[in-house]
Number of protein chains: 2
Amino acid sequence: MSAAIEFYFDFSSPYSYLASELIDELAAKYGRAVEWRPIMLGAAFQKAGTQLLINVPLKGPYSLRDFSRSARFYGVNFKFPQKFPLATHYAARAYYSLMARSDPRTREFAHAIFRAYWVDGRDISELPIMLKVATETGFDAQALSEAVNMPEIKERLRAETEAAIARGMFGAPYIIVDGEPFWGADRLPQIERWLATGGF
Amino acid sequence: MSAAIEFYFDFSSPYSYLASELIDELAAKYGRAVEWRPIMLGAAFQKAGTQLLINVPLKGPYSLRDFSRSARFYGVNFKFPQKFPLATHYAARAYYSLMARSDPRTREFAHAIFRAYWVDGRDISELPIMLKVATETGFDAQALSEAVNMPEIKERLRAETEAAIARGMFGAPYIIVDGEPFWGADRLPQIERWLATGGF
(Lines give C-alpha, C1' and ligand atoms only; values in the text may rest on other atoms or scores of the structure.)
Protein backbone atom coordinates (compact mmCIF):
# COMPACT_ATOMS: atom_id res chain seq x y z
CA MET A 1 0.00 0.00 0.00
CA SER A 2 1.36 3.39 -0.97
CA ALA A 3 1.69 6.35 1.36
CA ALA A 4 -1.41 7.85 2.89
CA ILE A 5 -3.05 10.87 1.32
CA GLU A 6 -2.85 13.93 3.57
CA PHE A 7 -6.11 15.82 3.91
CA TYR A 8 -5.82 19.24 5.56
CA PHE A 9 -9.11 20.92 6.35
CA ASP A 10 -10.94 23.35 8.57
CA PHE A 11 -14.31 22.31 9.96
CA SER A 12 -15.66 25.75 8.98
CA SER A 13 -14.69 25.42 5.31
CA PRO A 14 -17.59 24.43 3.04
CA TYR A 15 -15.39 22.93 0.34
CA SER A 16 -13.50 21.01 3.06
CA TYR A 17 -16.82 19.53 4.15
CA LEU A 18 -17.61 18.48 0.58
CA ALA A 19 -14.19 16.84 0.24
CA SER A 20 -14.66 15.11 3.61
CA GLU A 21 -17.68 13.29 2.21
CA LEU A 22 -15.79 12.09 -0.85
CA ILE A 23 -12.10 11.65 -0.17
CA ASP A 24 -12.06 8.31 1.68
CA GLU A 25 -14.05 6.47 -0.95
CA LEU A 26 -11.89 7.92 -3.71
CA ALA A 27 -8.68 6.95 -1.91
CA ALA A 28 -9.94 3.45 -1.10
CA LYS A 29 -10.60 2.86 -4.79
CA TYR A 30 -6.85 3.11 -5.29
CA GLY A 31 -5.87 1.26 -2.12
CA ARG A 32 -4.90 4.42 -0.26
CA ALA A 33 -5.56 5.53 3.29
CA VAL A 34 -6.24 9.17 4.15
CA GLU A 35 -4.78 11.08 7.09
CA TRP A 36 -7.25 13.72 8.21
CA ARG A 37 -5.72 16.82 9.75
CA PRO A 38 -7.89 19.73 10.88
CA ILE A 39 -6.04 23.05 10.85
CA MET A 40 -6.81 26.68 11.61
CA LEU A 41 -7.50 28.15 8.20
CA GLY A 42 -7.46 31.72 9.55
CA ALA A 43 -3.72 31.42 10.16
CA ALA A 44 -3.18 30.52 6.51
CA PHE A 45 -5.38 33.40 5.33
CA GLN A 46 -3.29 35.73 7.45
CA LYS A 47 -0.09 34.38 5.92
CA ALA A 48 -1.41 34.65 2.38
CA GLY A 49 -3.06 38.01 3.04
CA THR A 50 -6.34 36.68 1.67
CA GLN A 51 -9.76 37.16 3.14
CA LEU A 52 -12.89 35.15 3.58
CA LEU A 53 -14.39 34.28 0.21
CA ILE A 54 -17.90 35.45 1.04
CA ASN A 55 -16.61 38.91 1.98
CA VAL A 56 -15.04 39.61 -1.40
CA PRO A 57 -17.21 41.88 -3.58
CA LEU A 58 -18.80 39.99 -6.51
CA LYS A 59 -16.95 36.80 -5.54
CA GLY A 60 -18.95 36.58 -2.30
CA PRO A 61 -22.44 36.17 -3.77
CA TYR A 62 -21.09 33.81 -6.41
CA SER A 63 -19.42 31.67 -3.76
CA LEU A 64 -22.60 31.22 -1.78
CA ARG A 65 -24.28 29.98 -4.93
CA ASP A 66 -21.34 27.74 -5.79
CA PHE A 67 -21.19 26.11 -2.32
CA SER A 68 -24.75 24.80 -2.65
CA ARG A 69 -24.51 23.97 -6.32
CA SER A 70 -21.26 22.05 -5.79
CA ALA A 71 -22.91 20.09 -2.96
CA ARG A 72 -25.79 19.16 -5.26
CA PHE A 73 -23.30 18.30 -8.00
CA TYR A 74 -21.53 15.85 -5.69
CA GLY A 75 -24.76 14.59 -4.14
CA VAL A 76 -23.74 15.78 -0.68
CA ASN A 77 -26.29 16.94 1.88
CA PHE A 78 -25.64 20.63 2.55
CA LYS A 79 -27.29 23.65 4.10
CA PHE A 80 -25.42 26.91 4.45
CA PRO A 81 -25.44 27.70 8.18
CA GLN A 82 -26.79 30.90 9.72
CA LYS A 83 -23.53 31.49 11.56
CA PHE A 84 -20.56 31.68 9.26
CA PRO A 85 -17.67 31.67 9.70
CA LEU A 86 -17.08 30.34 13.19
CA ALA A 87 -14.18 29.22 15.36
CA THR A 88 -13.26 25.57 15.09
CA HIS A 89 -10.36 25.24 17.53
CA TYR A 90 -12.40 23.27 20.10
CA ALA A 91 -13.51 20.75 17.51
CA ALA A 92 -10.01 20.49 16.02
CA ARG A 93 -8.40 20.02 19.44
CA ALA A 94 -10.98 17.39 20.35
CA TYR A 95 -10.07 15.63 17.11
CA TYR A 96 -6.35 15.61 17.94
CA SER A 97 -7.03 14.38 21.47
CA LEU A 98 -8.88 11.39 20.03
CA MET A 99 -6.08 10.85 17.55
CA ALA A 100 -3.49 11.04 20.35
CA ARG A 101 -5.37 8.25 22.13
CA SER A 102 -5.56 6.29 18.85
CA ASP A 103 -9.33 6.25 19.17
CA PRO A 104 -10.50 4.07 16.27
CA ARG A 105 -13.55 6.32 15.82
CA THR A 106 -11.61 9.55 15.31
CA ARG A 107 -12.82 9.73 11.72
CA GLU A 108 -16.43 9.35 12.83
CA PHE A 109 -15.98 12.26 15.20
CA ALA A 110 -14.82 14.46 12.33
CA HIS A 111 -17.77 13.46 10.17
CA ALA A 112 -20.16 14.16 13.04
CA ILE A 113 -18.73 17.66 13.56
CA PHE A 114 -18.74 18.47 9.86
CA ARG A 115 -22.36 17.34 9.48
CA ALA A 116 -23.55 19.01 12.66
CA TYR A 117 -22.40 22.30 11.17
CA TRP A 118 -22.90 21.86 7.41
CA VAL A 119 -26.16 19.93 7.47
CA ASP A 120 -27.80 20.82 10.79
CA GLY A 121 -26.42 24.33 11.19
CA ARG A 122 -25.34 23.76 14.79
CA ASP A 123 -22.89 26.22 16.30
CA ILE A 124 -19.90 23.94 16.81
CA SER A 125 -17.80 26.93 17.95
CA GLU A 126 -19.63 26.75 21.29
CA LEU A 127 -17.93 24.19 23.51
CA PRO A 128 -21.16 22.79 25.02
CA ILE A 129 -22.66 22.27 21.57
CA MET A 130 -19.48 20.67 20.23
CA LEU A 131 -19.45 18.35 23.23
CA LYS A 132 -23.14 17.53 22.77
CA VAL A 133 -22.44 16.47 19.18
CA ALA A 134 -19.61 14.31 20.52
CA THR A 135 -21.84 12.72 23.15
CA GLU A 136 -24.55 11.98 20.60
CA THR A 137 -21.92 10.27 18.48
CA GLY A 138 -20.84 8.10 21.39
CA PHE A 139 -17.77 9.95 22.68
CA ASP A 140 -16.88 10.82 26.26
CA ALA A 141 -17.72 14.52 26.62
CA GLN A 142 -15.94 14.81 29.94
CA ALA A 143 -12.66 13.56 28.53
CA LEU A 144 -12.94 15.80 25.48
CA SER A 145 -13.87 18.78 27.62
CA GLU A 146 -10.62 18.38 29.55
CA ALA A 147 -8.56 17.61 26.46
CA VAL A 148 -9.45 20.81 24.57
CA ASN A 149 -7.63 22.88 27.18
CA MET A 150 -4.56 20.71 27.54
CA PRO A 151 -1.37 22.54 26.51
CA GLU A 152 -0.06 19.62 24.48
CA ILE A 153 -3.32 19.39 22.51
CA LYS A 154 -3.38 23.14 21.85
CA GLU A 155 0.23 22.88 20.76
CA ARG A 156 -0.56 19.97 18.46
CA LEU A 157 -3.17 22.02 16.57
CA ARG A 158 -0.77 24.95 16.31
CA ALA A 159 2.00 22.68 15.05
CA GLU A 160 -0.21 20.95 12.47
CA THR A 161 -1.35 24.33 11.17
CA GLU A 162 2.22 25.61 10.95
CA ALA A 163 3.32 22.43 9.19
CA ALA A 164 0.51 22.75 6.66
CA ILE A 165 1.43 26.36 5.92
CA ALA A 166 5.08 25.36 5.62
CA ARG A 167 3.94 22.88 2.98
CA GLY A 168 2.21 25.63 1.04
CA MET A 169 -1.34 25.51 2.38
CA PHE A 170 -3.24 28.77 1.83
CA GLY A 171 -6.79 27.46 1.57
CA ALA A 172 -8.80 24.35 2.31
CA PRO A 173 -9.20 21.57 1.57
CA TYR A 174 -5.51 21.15 0.84
CA ILE A 175 -4.75 17.59 -0.16
CA ILE A 176 -1.28 16.17 -0.65
CA VAL A 177 -0.77 13.03 -2.72
CA ASP A 178 2.79 11.72 -2.85
CA GLY A 179 4.11 15.24 -2.31
CA GLU A 180 1.81 16.83 -4.92
CA PRO A 181 -0.52 19.46 -3.44
CA PHE A 182 -4.12 19.91 -4.61
CA TRP A 183 -6.31 22.75 -3.40
CA GLY A 184 -10.08 22.57 -3.42
CA ALA A 185 -12.81 19.96 -3.65
CA ASP A 186 -12.87 20.71 -7.38
CA ARG A 187 -9.44 19.10 -7.74
CA LEU A 188 -10.77 15.64 -6.79
CA PRO A 189 -10.87 14.56 -10.46
CA GLN A 190 -7.19 15.52 -10.80
CA ILE A 191 -6.42 13.62 -7.60
CA GLU A 192 -8.19 10.59 -9.03
CA ARG A 193 -6.14 10.79 -12.21
CA TRP A 194 -2.98 11.17 -10.12
CA LEU A 195 -3.84 8.08 -8.07
CA ALA A 196 -4.74 6.09 -11.15
CA THR A 197 -1.65 6.97 -13.15
CA GLY A 198 0.98 7.81 -10.56
CA GLY A 199 1.20 11.41 -11.72
CA PHE A 200 0.62 13.24 -14.98
CA MET B 1 -31.69 25.05 -30.21
CA SER B 2 -31.46 26.63 -26.77
CA ALA B 3 -29.83 29.95 -25.97
CA ALA B 4 -26.12 30.36 -26.57
CA ILE B 5 -23.67 29.91 -23.72
CA GLU B 6 -21.88 33.14 -22.85
CA PHE B 7 -18.14 32.78 -22.42
CA TYR B 8 -16.40 35.79 -20.87
CA PHE B 9 -12.63 35.64 -20.89
CA ASP B 10 -9.40 37.59 -20.92
CA PHE B 11 -6.69 36.52 -23.37
CA SER B 12 -4.17 36.84 -20.52
CA SER B 13 -6.00 34.42 -18.22
CA PRO B 14 -4.53 30.89 -18.20
CA TYR B 15 -7.74 29.21 -17.10
CA SER B 16 -9.61 31.18 -19.79
CA TYR B 17 -7.22 29.71 -22.33
CA LEU B 18 -7.89 26.19 -21.04
CA ALA B 19 -11.64 26.77 -21.25
CA SER B 20 -11.26 28.20 -24.77
CA GLU B 21 -9.87 24.87 -25.92
CA LEU B 22 -12.76 22.90 -24.44
CA ILE B 23 -15.95 24.93 -24.33
CA ASP B 24 -17.11 24.72 -27.96
CA GLU B 25 -16.90 20.94 -28.11
CA LEU B 26 -18.70 20.61 -24.80
CA ALA B 27 -21.47 22.98 -25.90
CA ALA B 28 -21.86 21.29 -29.29
CA LYS B 29 -22.45 17.97 -27.57
CA TYR B 30 -25.64 19.49 -26.17
CA GLY B 31 -26.58 21.41 -29.30
CA ARG B 32 -25.50 24.75 -27.93
CA ALA B 33 -23.58 27.60 -29.51
CA VAL B 34 -21.09 29.68 -27.52
CA GLU B 35 -20.76 33.46 -27.64
CA TRP B 36 -17.16 34.41 -26.97
CA ARG B 37 -16.63 37.76 -25.28
CA PRO B 38 -13.17 38.99 -24.36
CA ILE B 39 -13.18 41.43 -21.46
CA MET B 40 -10.64 43.39 -19.43
CA LEU B 41 -10.17 41.26 -16.34
CA GLY B 42 -8.21 43.99 -14.57
CA ALA B 43 -11.38 46.05 -14.28
CA ALA B 44 -13.12 43.17 -12.51
CA PHE B 45 -10.18 42.64 -10.16
CA GLN B 46 -10.36 46.33 -9.29
CA LYS B 47 -14.08 46.05 -8.57
CA ALA B 48 -13.65 42.92 -6.44
CA GLY B 49 -10.52 44.26 -4.75
CA THR B 50 -8.66 41.09 -5.66
CA GLN B 51 -5.18 40.78 -7.03
CA LEU B 52 -3.36 38.67 -9.52
CA LEU B 53 -3.29 35.05 -8.39
CA ILE B 54 0.44 34.59 -8.86
CA ASN B 55 1.19 37.56 -6.61
CA VAL B 56 -0.62 36.12 -3.58
CA PRO B 57 1.78 34.57 -1.04
CA LEU B 58 1.57 30.74 -0.94
CA LYS B 59 -1.28 30.80 -3.49
CA GLY B 60 1.08 32.16 -6.16
CA PRO B 61 3.52 29.23 -6.34
CA TYR B 62 0.63 26.77 -6.12
CA SER B 63 -1.18 28.50 -8.98
CA LEU B 64 1.79 28.24 -11.30
CA ARG B 65 1.90 24.52 -10.62
CA ASP B 66 -1.86 24.20 -11.05
CA PHE B 67 -1.93 26.05 -14.41
CA SER B 68 0.41 23.50 -16.00
CA ARG B 69 -1.04 20.49 -14.23
CA SER B 70 -4.60 21.49 -15.23
CA ALA B 71 -3.44 21.86 -18.85
CA ARG B 72 -1.96 18.36 -18.76
CA PHE B 73 -5.14 17.07 -17.10
CA TYR B 74 -7.25 18.44 -19.95
CA GLY B 75 -4.73 17.48 -22.62
CA VAL B 76 -4.23 21.07 -23.69
CA ASN B 77 -0.93 22.32 -25.06
CA PHE B 78 0.42 24.91 -22.59
CA LYS B 79 3.59 26.74 -21.73
CA PHE B 80 3.62 29.46 -19.11
CA PRO B 81 4.89 32.59 -20.88
CA GLN B 82 7.89 34.62 -19.81
CA LYS B 83 5.84 37.81 -19.78
CA PHE B 84 2.84 37.60 -17.48
CA PRO B 85 0.49 39.28 -17.10
CA LEU B 86 0.19 41.49 -20.13
CA ALA B 87 -2.29 43.93 -21.65
CA THR B 88 -4.85 42.40 -23.97
CA HIS B 89 -6.90 45.39 -25.08
CA TYR B 90 -5.48 45.39 -28.61
CA ALA B 91 -6.35 41.73 -29.10
CA ALA B 92 -9.78 42.15 -27.54
CA ARG B 93 -10.56 45.21 -29.66
CA ALA B 94 -9.41 43.40 -32.79
CA TYR B 95 -11.78 40.58 -31.84
CA TYR B 96 -14.75 42.94 -31.50
CA SER B 97 -13.92 44.63 -34.80
CA LEU B 98 -14.08 41.26 -36.54
CA MET B 99 -17.30 40.48 -34.71
CA ALA B 100 -18.76 43.86 -35.74
CA ARG B 101 -18.05 42.93 -39.36
CA SER B 102 -19.58 39.47 -38.78
CA ASP B 103 -16.31 37.93 -39.88
CA PRO B 104 -17.01 34.18 -39.95
CA ARG B 105 -13.47 33.49 -38.71
CA THR B 106 -13.74 35.60 -35.56
CA ARG B 107 -13.45 32.46 -33.43
CA GLU B 108 -10.29 31.40 -35.26
CA PHE B 109 -8.76 34.77 -34.50
CA ALA B 110 -9.39 34.27 -30.79
CA HIS B 111 -7.86 30.79 -30.86
CA ALA B 112 -4.81 32.13 -32.69
CA ILE B 113 -4.28 34.87 -30.12
CA PHE B 114 -4.74 32.52 -27.17
CA ARG B 115 -2.30 29.99 -28.62
CA ALA B 116 0.25 32.59 -29.67
CA TYR B 117 0.47 33.62 -26.04
CA TRP B 118 -0.19 30.38 -24.11
CA VAL B 119 1.69 27.98 -26.34
CA ASP B 120 4.28 30.08 -28.17
CA GLY B 121 4.85 32.74 -25.50
CA ARG B 122 4.51 35.61 -27.95
CA ASP B 123 3.94 39.07 -26.52
CA ILE B 124 0.43 39.75 -27.81
CA SER B 125 0.32 43.02 -25.84
CA GLU B 126 2.59 44.53 -28.50
CA LEU B 127 0.44 45.74 -31.40
CA PRO B 128 2.91 44.68 -34.14
CA ILE B 129 3.12 41.16 -32.69
CA MET B 130 -0.64 40.89 -32.27
CA LEU B 131 -1.05 42.01 -35.90
CA LYS B 132 1.59 39.54 -37.05
CA VAL B 133 -0.34 36.71 -35.42
CA ALA B 134 -3.46 37.99 -37.19
CA THR B 135 -1.68 38.10 -40.55
CA GLU B 136 -0.32 34.59 -40.13
CA THR B 137 -3.86 33.43 -39.44
CA GLY B 138 -5.12 35.06 -42.63
CA PHE B 139 -6.55 38.34 -41.35
CA ASP B 140 -6.06 41.83 -42.76
CA ALA B 141 -3.53 43.46 -40.44
CA GLN B 142 -4.12 46.90 -41.92
CA ALA B 143 -7.84 46.80 -41.19
CA LEU B 144 -7.26 45.51 -37.65
CA SER B 145 -4.57 48.09 -37.02
CA GLU B 146 -7.07 50.84 -37.79
CA ALA B 147 -9.92 49.17 -35.93
CA VAL B 148 -8.10 48.90 -32.59
CA ASN B 149 -8.06 52.67 -32.26
CA MET B 150 -11.61 53.35 -33.37
CA PRO B 151 -13.70 54.96 -30.63
CA GLU B 152 -16.68 52.66 -31.21
CA ILE B 153 -14.48 49.57 -30.88
CA LYS B 154 -12.82 50.87 -27.72
CA GLU B 155 -16.26 51.62 -26.37
CA ARG B 156 -17.50 48.14 -27.24
CA LEU B 157 -14.77 46.52 -25.15
CA ARG B 158 -15.49 48.86 -22.24
CA ALA B 159 -19.21 48.14 -22.49
CA GLU B 160 -18.75 44.37 -22.66
CA THR B 161 -16.49 44.49 -19.61
CA GLU B 162 -18.97 46.62 -17.69
CA ALA B 163 -21.82 44.31 -18.67
CA ALA B 164 -19.88 41.27 -17.49
CA ILE B 165 -19.14 42.89 -14.13
CA ALA B 166 -22.80 43.90 -13.82
CA ARG B 167 -23.59 40.21 -14.26
CA GLY B 168 -21.29 39.29 -11.41
CA MET B 169 -18.02 38.56 -13.18
CA PHE B 170 -15.00 38.84 -10.86
CA GLY B 171 -12.64 36.34 -12.50
CA ALA B 172 -12.22 34.45 -15.74
CA PRO B 173 -13.35 32.38 -17.42
CA TYR B 174 -16.87 33.37 -16.41
CA ILE B 175 -19.40 31.27 -18.23
CA ILE B 176 -23.16 31.84 -18.14
CA VAL B 177 -25.56 29.03 -19.05
CA ASP B 178 -29.23 29.97 -19.08
CA GLY B 179 -28.59 32.69 -16.53
CA GLU B 180 -26.48 30.46 -14.26
CA PRO B 181 -22.90 31.73 -13.78
CA PHE B 182 -19.91 29.39 -13.57
CA TRP B 183 -16.43 30.62 -12.73
CA GLY B 184 -13.31 28.75 -13.74
CA ALA B 185 -12.26 26.04 -16.16
CA ASP B 186 -12.74 23.62 -13.26
CA ARG B 187 -16.49 24.18 -13.42
CA LEU B 188 -16.76 22.59 -16.88
CA PRO B 189 -18.04 19.31 -15.38
CA GLN B 190 -20.79 21.23 -13.60
CA ILE B 191 -21.59 23.05 -16.85
CA GLU B 192 -21.85 19.70 -18.60
CA ARG B 193 -24.25 18.39 -15.96
CA TRP B 194 -26.28 21.61 -16.26
CA LEU B 195 -26.50 21.25 -20.03
CA ALA B 196 -27.40 17.57 -19.78
CA THR B 197 -30.08 17.97 -17.13
CA GLY B 198 -31.34 21.53 -17.53
CA GLY B 199 -30.10 22.49 -14.09
CA PHE B 200 -29.49 20.67 -10.84
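Residues numbered from 1 in each chain as written. Chains lettered and ligands numbered in written order. Predicted model: local features only at pLDDT ≥ 70, side-chain atom pairs only at ≥ 80, totals over all residues.

### Quick notes on the relation of the copies chain B and chain A
Reasoning step 1: With an axial shift of 0.0 Å and an RMSD of 0.0 Å, the rotation relating chain B to chain A amounts to 180 degrees. Here the two chains are linked by the operation of a two-fold rotation axis. When C-alpha distances to the rotation axis are compared across chain B, the minimum falls at D186 of chain B, with a value of 3.3 Å.
Reasoning step 2: Here 100% of the interface residues in chain B have copies in chain A that are interface residues too; the copies meet face to matching face. (Least-squares fit on C-alpha atoms with pLDDT ≥ 70 in both. Contact = placed C-beta atoms within 7 Å.)

### Here we look at the interface of chain B and chain A
Bring the parts together and some accessible area is lost; that lost area is often taken as the interface size.
Reasoning step 1: In this complex, chain B contributes 21 residues to the contact, which on the side of chain A involves 21 residues.
Reasoning step 2: When contributions to the side of chain B that touches chain A are tallied by element, the ones reaching two or more residues are α3 (41–48), α4 (59–74), β4 (180–183) and α10 (188–197) of chain B.
Reasoning step 3: Here the side of chain B that touches chain A gets six residues from one element, more than from any other, and that element is α4 of chain B.
Reasoning step 4: Partitioning the side of chain B that touches chain A into residue classes produces eleven nonpolar, four polar and six charged. (Helix = DSSP H or I, 4+ residues; strand = E, 2+ residues; numbered from the N terminus. Nonpolar A, V, L, I, M, F, W, Y, C, P; charged D, E, K, R; others polar.)

### Description of unusual backbone geometry
Reasoning step 1: That bond from A172 of chain A to P173 of chain A is cis: its omega, 0 degrees, falls within 30 degrees of zero.
Reasoning step 2: One non-glycine residue, S102 of chain B, lies in the positive phi region at around 50 degrees.
Reasoning step 3: In this structure, S102 of chain B sits in the loop between α5 (89–100) and α6 (106–118).
Reasoning step 4: The exposure class assigned to S102 of chain B is exposed, which follows from the 7 C-beta atoms found within 10 Å. (Buried ≥ 20, exposed ≤ 12 C-beta atoms within 10 Å, placed from the backbone.)

### Some words on the sheet that holds strand β2 (residues 34–38) of chain A
Residue and element names in this part refer to chain A.
Reasoning step 1: In space, the four strands of this open sheet follow the order β2-β1-β3-β4, with mixed pairing throughout. This sheet does not close on itself; its edge strands, each paired only once, are β2 and β4 (180–183). The mean inter-strand angle of the sheet, taken between neighbouring strand axes irrespective of direction, is 20 degrees.
Reasoning step 2: Both strand β1 (residues 5–9) and strand β3 (residues 174–177) contribute to a ladder of three bridges, which runs antiparallel. Following the sheet pairing, F7 is matched in β3 by I175. (Pairing = 2+ DSSP bridges. Axes fitted to C-alpha atoms, helices over the stretch in contact; angles between N-to-C directions.)

### Looking at the sheet that holds strand β3 (residues 174–177) of chain B
Strand pairing within a sheet occurs via backbone hydrogen bonds; the two strands may be parallel or antiparallel.
Residues and elements named next belong to chain B.
Reasoning step 1: In space, the four strands of this open sheet follow the order β2-β1-β3-β4, with mixed pairing throughout. The strands lining the two open edges of the sheet, one partner per strand, are β2 (34–38) and β4. Averaged over all adjacent pairs, the angle separating strand axes in this sheet is 20 degrees, with direction ignored.

### Quick notes on the pairing of β3 of chain A
Reasoning step 1: Both faces of β3 of chain A are covered, namely the face carrying Y174 and I176 of chain A and the face carrying I175 and V177 of chain A.
Reasoning step 2: In this structure, the hairpin formed by β3 of chain A and β4 of chain A is closed by a connection of two residues, where D178 of chain A is found at a positive phi of approximately 50 degrees.

### Examining helix α7 (residues 127–136) of chain B
Residues and elements named next belong to chain B.
Reasoning step 1: M130, L131, V133 and A134 are the residues of α7 that are buried. For α7, the angular spread of the buried residues around the axis is 155 degrees, confining them to a single face. Residues of α7 that are exposed and point over 90 degrees away from its buried face: P128 and E136.
Reasoning step 2: For α7, the elements touching its buried residues are α5, α6 and α8 (141–147).
Reasoning step 3: G138 sits one or two residues past α7 and shows a positive phi near 95 degrees. (Arc of directions from axis to C-beta.)

### Considerations on the pairing of β3 of chain B
Put simply, side chains in a regular strand alternate between the two faces of the sheet.
Reasoning step 1: In the sheet, β3 of chain B pairs with β4 of chain B via four bridges, with the strands oriented antiparallel. Looking at β4 of chain B, one finds that I176 of chain B is bridged to P181 of chain B.

### Concerning helix α6 (residues 106–118) of chain A
All names here are of chain A.
Reasoning step 1: The terminal C-alpha atoms of α6 lie 18 Å apart, and with 13 residues this matches the ideal 18 Å at 1.5 Å per residue to within 8%.
Reasoning step 2: Here α6 has its buried residues at F109, A110, A112, I113, F114, A116, Y117 and W118.
Reasoning step 3: On its buried face, α6 sits against α1 (14–20), β2, α5 (89–100) and α7 (127–136). (Expected span 1.5 Å × (residues − 1).)

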